[in-house]
Amino acid sequence: MTDSLDERITRSRTLLSDHDLAGLADLLTGLREHEVTRLLERLDADDRAVLFRLIEKDTALGVFESLDPPLRGELVDALRDDHVVSLFEDLDPDDRVELLDELPASVARRLLSGLSDGERTLTAPMLGYPRGSVGRRMSPEYVRLRPDTTAAEALAAVRRDGRDAATVHVLPVADDTLVCTGSVTLGDVATAEPGVRVGDLVADAPTVTATTDAEVAARLCLEYRTAAVVVTDSERRVLGVLTVDTAARILEDAEDEDAARAGGSEPLRRPYLSTPVGTLVRSRVVWLLVLAVSAVLTVQVLEIFEDTLSAVVTLALFIPLLTGTGGNTGSQAATTVTRALAVGDVRTRDLGRVLFREVRVGASMGALLGTLGFVVAGLVYDWHLGLVIGATLLAVCTIAAAVGGVMPLCAKAIGVDPAVFSTPFISTFCDATGLIVYFTIASAILDI
């Protein structure tokens, strides 16, 4: 019977405490790469390094590539130099650059200096592109075809050079100066007549420049449902390719980041159980401090309308309902628009259209909820109070939807991540404005 992951972790910790290296090696025997990776992710940094040294060489590289970049960085610190240099040499250039971003500058320089000339030539130019750009995530290893190459010659080139390429499913086509004229798929080349020129098979395929935001390039790759996107410089010279698996990782990281910020924290970028408690605290405390300060607005509003509350104590009963409804409405709008921004459905120039659309959505939801609130509060308490609740729900939902829809666009316009306007932030903002609207309407209708 195969042990579960939890059982393996318990056994590995026992063997580590007993310094039973033979038992640890036996524990790792027969495990697949993804199983070893999951096991390492659940261990402490020192224990992870001990276990990693016991992994078979053929498996070690795959496991190392599967780990999140911060965990790779910790392993580099813990392993012997000769082991690290060997692993670093075997990594793909894009994985190498991603790892270097996690390491101290002195360690990164030492690793780069230990590379062979050929691998250093592939890696060094990628480090010159801005962080977050596709130039740092592309692979410079690809099979280039000339326009006058025949289909038969192209297949021979794939067989000769394809083993070291990031992908052979998309083949850049470029002249002797590396200026890109397009790309062809391996399927088109394989099914063409042997004498047909590659230039006649070139299809209209997307290309991106190396300074393009990596997330934008990744979405383009998935939008066109292509195995790779060709990356060029500003003069359309081919530099590399962004493969679909790398694009998927980029988008997964971006979605994790957005989800974390929507919940009022920073992304961990590593498995939860291998994240130090201090890192967890730092990822959350900044937003909590910001939200705590902003929540003072709500207290100030309640102080301003203290006399109104004293006159009609029943008003206090509906505060949680109104603030919760406003916060949820604003958060829904912000989440929807942030997602639309990410996939390119809306642009910052669409702010007016988004505002008009969200006002109508908010007013429609407010009318439905307001009618329900009017009937319930009127039957249970008083029809004047019911009118206050109904009118407030209509106003709060309209304002919250408009604010929640516009905030991500404003953030994008000033160069801030739209996800920064997270759910807790918008909820706090809507709480304060909702209370002002509530007491203003109550004062007018109840004449207090």
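Refer to the preceding data block for the structure.
Note that the coordinates shown come from a computational prediction; the quantities given were computed from them, not determined experimentally.

In this section: the overall build of the protein chain. Within the protein chain, the regular secondary structure consists of 20 helices and five strands. Classification of the 448 residues of the protein chain by burial places 46% in the buried group. In the protein chain, the proportion of contacts linking residues at least 24 apart, taken out of those at least 6 apart, comes to 66%. Of the roughly 22600 Å² of accessible surface on the protein chain, 56% is carried by carbon and sulfur atoms.

The subject of this paragraph is the pairing of strand β1 (residues 170-174). Most of β1 sits inside the fold, with five of its five residues counted as buried. Here β1 shows two buried faces, one formed by Val170, Pro172 and Ala174 and the other by Leu171 and Val173. Counting the residues in the hairpin turn of β1 and strand β2 (residues 180-185) gives five residues, including Leu178, whose phi is positive at 70°.

Our focus in this paragraph is the environment of Thr211. For Thr211, the location among the structural elements is in the loop between β3 (207-209) and α13 (214-223). With 81 residues separating them in the primary sequence, Thr211 and Pro130 have C-alpha atoms 6.9 Å apart. Aside from chain neighbours lying at most four places away, what touches Thr211 is Pro130 and Ser133.

In this section: helix α8 (residues 93-100). With eight of eight residues buried, α8 lies mostly within the body of the structure. Three or more residues of α8 are buried, namely Pro93, Asp94, Asp95, Arg96, Val97, Glu98, Leu99 and Leu100.

Counting across every chain of the model gives four aromatic pairs. For Arg96, the ring lying beneath its charged end belongs to Phe88, and the centroid distance is 5.7 Å.

Before going further, it helps to examine the side chain of Arg96. Looking at the secondary structure, you find Arg96 in helix α8. For Arg96, a relative accessible area of 0% corresponds to the buried category. Within polar-contact distance, the side chain of Arg96 engages the backbone oxygen of Leu91 at 2.5 Å. Residues contacting Arg96, with those up to four places away along its chain left out, are Phe88, Glu89, Leu91, Leu115, Glu119 and Thr123.

Turning to a nonpolar patch on the surface, a few remarks are in order. On the surface, Leu317, Leu372, Phe374, Val375, Val376, Leu379, Val380, Tyr381, Trp383 and Leu387 cluster together into a nonpolar patch covering about 970 Å² of accessible area. At the level of elements, α18 (351-380) and α19 (383-413) are the ones that each hand at least two residues to the nonpolar patch. Relative to the elements of secondary structure, Val376 occurs in helix α18. Val376 sits in the partly exposed class, given a relative accessible area of 44%.

We now examine the packing of helix α3 (residues 33-41) against helix α4 (residues 45-53). Two packed helices can be described by the angle between their axes and the distance between those axes. With their axes 9 Å apart at the nearest point, α3 and α4 run at an angle of 155° to one another. Classified by the interaxial angle, the pair formed by α3 and α4 is roughly antiparallel. Each of Leu39, Leu40 and Glu41 in α3 lies in contact with α4, whose residues at this interface are Arg48, Leu51 and Phe52.

The next subject is the nonpolar core. Core analysis: the biggest nonpolar cluster contains 34 residues, and Leu40, Leu51, Phe52, Ile55, Phe64 and Val76 have the highest contact counts within it. For this core, the element with the highest residue contribution is helix α9 (residues 105-113), accounting for four residues.

It is worth spelling out helix α2 (residues 21-28) at this point. For α2, every residue scored as buried is listed here: Gly23, Leu24, Leu27 and Leu28. Down the axis, α2 shows its buried residues gathered within 140° of arc, on one side only. Among the exposed residues of α2, those pointing more than 90 degrees away from its buried face are Ala22 and Asp26. Looking at the residues trailing α2, positive phi occurs at Gly30, about 90°.

Another point: the pairing of strand β5 (residues 238-243). Burial of β5 is extensive: five of the six residues sit out of reach of the surface. As paired strands, strand β4 (residues 228-232) and β5 are joined by five bridges and run antiparallel to one another. Residue pairing across strands places Ala228 opposite Thr243, the latter belonging to β5. Two successive antiparallel strands, β4 and β5, enclose a turn made up of five residues, where Arg236 displays a positive phi of approximately 65°.

Following both chains from N to C, one finds helix α17 (residues 319-342) and α19 inclined at 30°, their axes separated by 7 Å at the closest point. With respect to each other, α17 and α19 are oriented roughly parallel. The element α17 and its partner α19 pack so that their crossing is right-handed. Taken together, the residues of α19 that come into contact with α17 (itself represented by Leu322, Thr325, Gly326, Thr329, Gly330, Ala333, Ala334, Val337, Thr338 and Leu341) are Thr392, Leu393, Val396, Cys397, Ala400, Ala401, Gly404, Gly405, Pro408, Leu409 and Lys412. Of the residues that constitute the contact of α17 with α19, the class distribution is 12 nonpolar, eight polar and one charged.

Pairing is mixed across the open sheet formed by three strands, whose spatial order is β3-β4-β5. Either end of the sheet is taken by a strand with one partner, and the two such strands are β3 and β5. Pairwise comparison of adjacent strand axes, ignoring direction, gives a mean angle of 35° for this sheet. Along the sheet, α13 contacts β3, β4 and β5; its crossing angle with β5, the most-contacted strand, is approximately 65°.

Tracing the backbone shows Ser331 in helix α17. Separated by 2.9 Å, the side chain of Ser331 and the backbone oxygen of Gly327 make a polar contact.

Positive phi, close to 70°, is recorded for Leu178, a residue that is not glycine. Looking at the element boundaries, Leu178 is found in the loop between β1 and β2. Residue Leu178 is classed as partly exposed on the basis of its relative accessible area, which comes to 29%. Located in the positive-phi region is Arg236, a residue other than glycine, with phi close to 65°. In this fold, Arg236 is placed in the loop between β4 and β5. The partly exposed category is assigned to Arg236, whose relative accessible area is 36%.

Here is what the cut-offs are and how they apply
- Residues numbered from 1 in each chain as written.
- Predicted model: local features only at pLDDT ≥ 70, side-chain atom pairs only at ≥ 80, totals over all residues.
- Heavy atoms only, no water.
- Helix = DSSP H or I, 4+ residues; strand = E, 2+ residues; numbered from the N terminus.
- Buried < 20%, exposed > 50% of the residue type's maximum accessible area, 1.4 Å probe, protein only.
- Contact = heavy atoms within 4.5 Å.
- Areas by Shrake-Rupley, 256 points an atom, 1.4 Å probe, with all protein chains shown as cover.
- Pairing = 2+ DSSP bridges.
- Phe/Tyr/Trp six-rings, centres within 6.5 Å; stacked < 30°, edge-to-face > 60°.
- Lys NZ or Arg CZ within 6 Å of the ring centre and 35° of its normal.
- Polar contact = N/O pair within 3.5 Å; in protein donor to acceptor, adjacent residues only side chain to side chain.
- Patch = residues over 30% accessible without salt bridge, like charges linked within 9 Å, V, L, I, M, F, W, Y side chains within 5 Å.
- Salt bridge = Lys/Arg side-chain N within 4 Å of Asp/Glu carboxyl O.
- Axes fitted to C-alpha atoms, helices over the stretch in contact; angles between N-to-C directions.
- Parallel < 35°, antiparallel > 145°, perpendicular 65-115°, else oblique.
- Core = buried A, V, L, I, M, F, W, Y, C linked by side-chain atoms within 4.5 Å.
- Arc of directions from axis to C-beta.
- Left-handed = near helix turned anticlockwise from the far one by under 90°.
- Nonpolar A, V, L, I, M, F, W, Y, C, P; charged D, E, K, R; others polar.

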